[in-house]
Amino acid sequence: MPRITKVYTRTGDTGTTALGGGQRVPKESLRVTAFGTVDELNSHLGVALAVGVSERLQAPLQAIQNELFHLGSDLCMLEEDKQKWPIPQIEARHIDALEHLMDELMDKVGPLENFILPGGSQTSAHLHVARTVCRRAERDVVALSREESIGSFVIKYLNRLSDALFVMARYENFVRNIPDVIWDSRA
């Protein structure tokens, strides 16, 4: 693990940043945009945890935050550099864990009978914001994957995570006995 002794380096003052393998790239590159959005997503999950999600979701969300760091390291390294420097990466087991969590929570909240709007409890609303940022991260990563190689489980993980965040948002309302906000298609 890197030891950070100084936060500022001044190396980014010219509009470039270093990837994990040392290559300098523009800060607006697709790769930097992708892992930057993943970082933003992680921050939103931190807000949801700080606001106080239900006890059942605390450990999974903390695990997801850690996995998002894996995903960020996966994205900040070029595929050829991953063979030189082994780094934490997203694996099939991370996706499986999200699916198991969703199955468990859906058994409690029941099937969706209508489209819902983001909201209800404060924690549900924060998880909905995280879900939309996750969808943006997924779009950013898909755009990157059309130009460069990325880890094989990155897109699948983000796709599943956005679904999991939706289910977690519904669960937060459920445990607080707050109804989901139903979309009124006739309004």
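In what follows, the accompanying structure is described. (Residues numbered from 1 in each chain as written. Predicted model: local features only at pLDDT ≥ 70, side-chain atom pairs only at ≥ 80, totals over all residues. Heavy atoms only, no water.)

If you walk through the whole model with that rule in mind, you get two aromatic pairs. Look at Phe115 and Trp183: their rings are 5.7 Å apart centre to centre, the planes differ by 70 degrees, and that puts the pair in the edge-to-face class. You can see Phe115 sitting in the loop between helix H4 (92-109) and strand E3 (116-117) and its partner Trp183 sitting in the segment after strand E4 (181-182), a full 68 residues away along the chain. For Phe115, a relative accessible area of 58% translates into the label exposed. Overall, the relative accessible area of 40% leaves Trp183 in the partly exposed class. Arranged with centres 6.5 Å apart and planes meeting at 35 degrees, the rings of Tyr171 and Phe174 form a pair that is tilted. Taken as a pair, Tyr171 and Phe174 lie in helix H6 (residues 154-175) at a separation of three residues, close to a single helical turn. A residue is classified by how much of its surface remains accessible, and Tyr171, at 7% relative accessible area, is buried. Taking relative accessible area as the criterion, Phe174 reaches 44% and is therefore assigned partly exposed. (Phe/Tyr/Trp six-rings, centres within 6.5 Å; stacked < 30°, edge-to-face > 60°. Helix = DSSP H or I, 4+ residues; strand = E, 2+ residues; numbered from the N terminus. Buried < 20%, exposed > 50% of the residue type's maximum accessible area, 1.4 Å probe, protein only.)

Turning our eyes to something else, we now look at unusual backbone geometry. Even without being a glycine, Asn177 presents a positive backbone phi close to 60 degrees. With respect to the helices and strands, Asn177 occurs in the loop between H6 and E4.

Moving on to the nonpolar core. Grouped together as the largest cluster of nonpolar side chains are 38 residues, with contacts concentrated most on Leu41, Leu61, Leu165 and Met168. When contributions to this core are tallied by element, the ones reaching two or more residues are helix H1 (30-51), helix H2 (55-76), H4, helix H5 (122-145) and H6. Per-element tally for this core: the top contributor is H6, with ten residues. With residues up to four places along the chain from it excluded, the contact list for Leu61 reads Leu45, Leu49, Val53, Leu127, Leu165 and Met168. (Core = buried A, V, L, I, M, F, W, Y, C linked by side-chain atoms within 4.5 Å. Contact = heavy atoms within 4.5 Å.)

On to H6, then. Over its 22 residues, H6 extends 31 Å from the first C-alpha to the last, a length consistent with the 32 Å expected when each residue adds 1.5 Å. At the C-terminal side of H6, Asn177 shows a positive phi close to 60 degrees. (Expected span 1.5 Å × (residues − 1).)

In this section: the pattern of salt bridges. Following the criterion strictly, the structure yields 13 salt bridges and no others. A salt bridge links Glu104 to Arg56; the nearest nitrogen and oxygen atoms lie 2.6 Å apart. Placement of Glu104 in helix H4 and of Arg56 in helix H2 is noted, with a sequence separation of 48 residues between them. Within the structure, one salt-bridge network assembled from shared partners comprises Arg56, Glu104 and Lys108. (Salt bridge = Lys/Arg side-chain N within 4 Å of Asp/Glu carboxyl O.)

Within the secondary structure, Val175 is located in helix H6. A C-alpha to C-alpha distance of 9.3 Å links Val175 and Lys108, two positions 67 residues apart in sequence.

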